[in-house]
Amino acid sequence: MKKILLLLTVLVGFISCKEKVVSKPDNLIDRDKMIDVMYDLSILDALKYQNLASVDSFKINPPDYIYKKYKIDSAQFAQSNIYYASTYTDYKEMYDEIIKRIEAKKTVLDSVVKKQEKKEAKIKADSIKRIKVAPIANDSLELKKLDIARRKKKDMSRIK
């Protein structure tokens, strides 16, 4: 009797795991579009916390922007999100794809930042080389000699 009860318990457990917890909504956002929506929301959300002034200055409300961009509404997004979240493995795969996209963009942006930093460093080094530092005179006699040398140099350039 114990074996039959154990077998029935295991069988009921397997059957209950197969049952869909959330039914498919009528206006379900397709998987690829949902990944795009979630990606854009994550980027805008990160931007909001990294550079609050930029989001506030443009008066952007990230969810409203996304809803307009993808022509969806908040209820449709919420229902689709609940549906996709009801199957953990699919939802995890979606987030893994979003993470891959973010990492790819991060790699590209890091290389652009490094190139920009190299350019700025080269410009800074070139500008430092161009600066000519006048010799510092210790006394008035040396200042007078420097002044005479400068005047001669000017006069010589006028003659040419």
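Bear in mind that the values here come from a model prediction, so they are computed numbers and not experimental data.

About the cut-offs
Residues numbered from 1 in each chain as written. Predicted model: local features only at pLDDT ≥ 70, side-chain atom pairs only at ≥ 80, totals over all residues. Heavy atoms only, no water. Helix = DSSP H or I, 4+ residues; strand = E, 2+ residues; numbered from the N terminus. Contact = heavy atoms within 4.5 Å. Patch = residues over 30% accessible without salt bridge, like charges linked within 9 Å, V, L, I, M, F, W, Y side chains within 5 Å. Areas by Shrake-Rupley, 256 points an atom, 1.4 Å probe, with all protein chains shown as cover. Salt bridge = Lys/Arg side-chain N within 4 Å of Asp/Glu carboxyl O. Lys, Arg positive; Asp, Glu negative; His and termini not counted. Charge placed at Lys NZ, Arg CZ, Asp CG, Glu CD. Buried < 20%, exposed > 50% of the residue type's maximum accessible area, 1.4 Å probe, protein only. Arc of directions from axis to C-beta. Core = buried A, V, L, I, M, F, W, Y, C linked by side-chain atoms within 4.5 Å.

Draft legend 1. Seen up close, the environment of Leu44. Mapped onto the elements of the fold, Leu44 is located in helix H2 (residues 31-50). The spacing of Leu44 and Ile66 is 22 residues in sequence and 9.2 Å in space, taken between C-alpha atoms. Apart from the residues within four sequence positions on either side, Leu44 is in contact with Pro62, Tyr65 and Ile66.

Draft legend 2. Fine view of a positive patch on the surface. On the surface, Lys114, Lys115, Lys118 and Lys119 cluster together into a patch of positive charge. Mapping Lys119 onto the fold places it in helix H6 (residues 88-130). On the basis of relative accessibility, which here comes to 56%, the residue Lys119 falls in the exposed class.

Draft legend 3. Structural context of helix H4 (residues 62-70). Three or more residues of H4 are buried, namely Pro62, Ile66, Tyr67 and Tyr70. Down the axis of H4, the buried side of the element spans an arc of 135 degrees, and every buried residue falls inside it. Turning to H4, the residues buried within the fold contact H2 and helix H5 (74-85). Lys71 sits one or two residues past H4 and shows a positive phi near 55 degrees.

Draft legend 4. Here's a closer look at the nonpolar core. Met34, Val37, Met38, Ile72, Phe77 and Met94 are the most contacted members of the largest nonpolar core, which totals 18 residues. When residues of this core are traced back to their parent elements, those giving at least two are H2, H4, H5 and H6. When residues of this core are assigned to their parent elements, the largest contribution, seven residues, is made by H2.

Draft legend 5. Structural detail: the pattern of salt bridges. One pass over the full model with this rule turns up five salt bridges. The closest approach of N and O atoms between Asp36 and Arg101, which form a salt bridge, is 2.6 Å. In this pair, Asp36 is assigned in helix H2 and Arg101 in helix H6, connecting sequence segments 65 residues apart. Of the residues examined, Arg101 reaches a relative accessible area of 27% and is grouped as partly exposed. In this structure, Lys69 engages Asp40 in a salt bridge whose closest nitrogen and oxygen atoms are separated by 2.8 Å.

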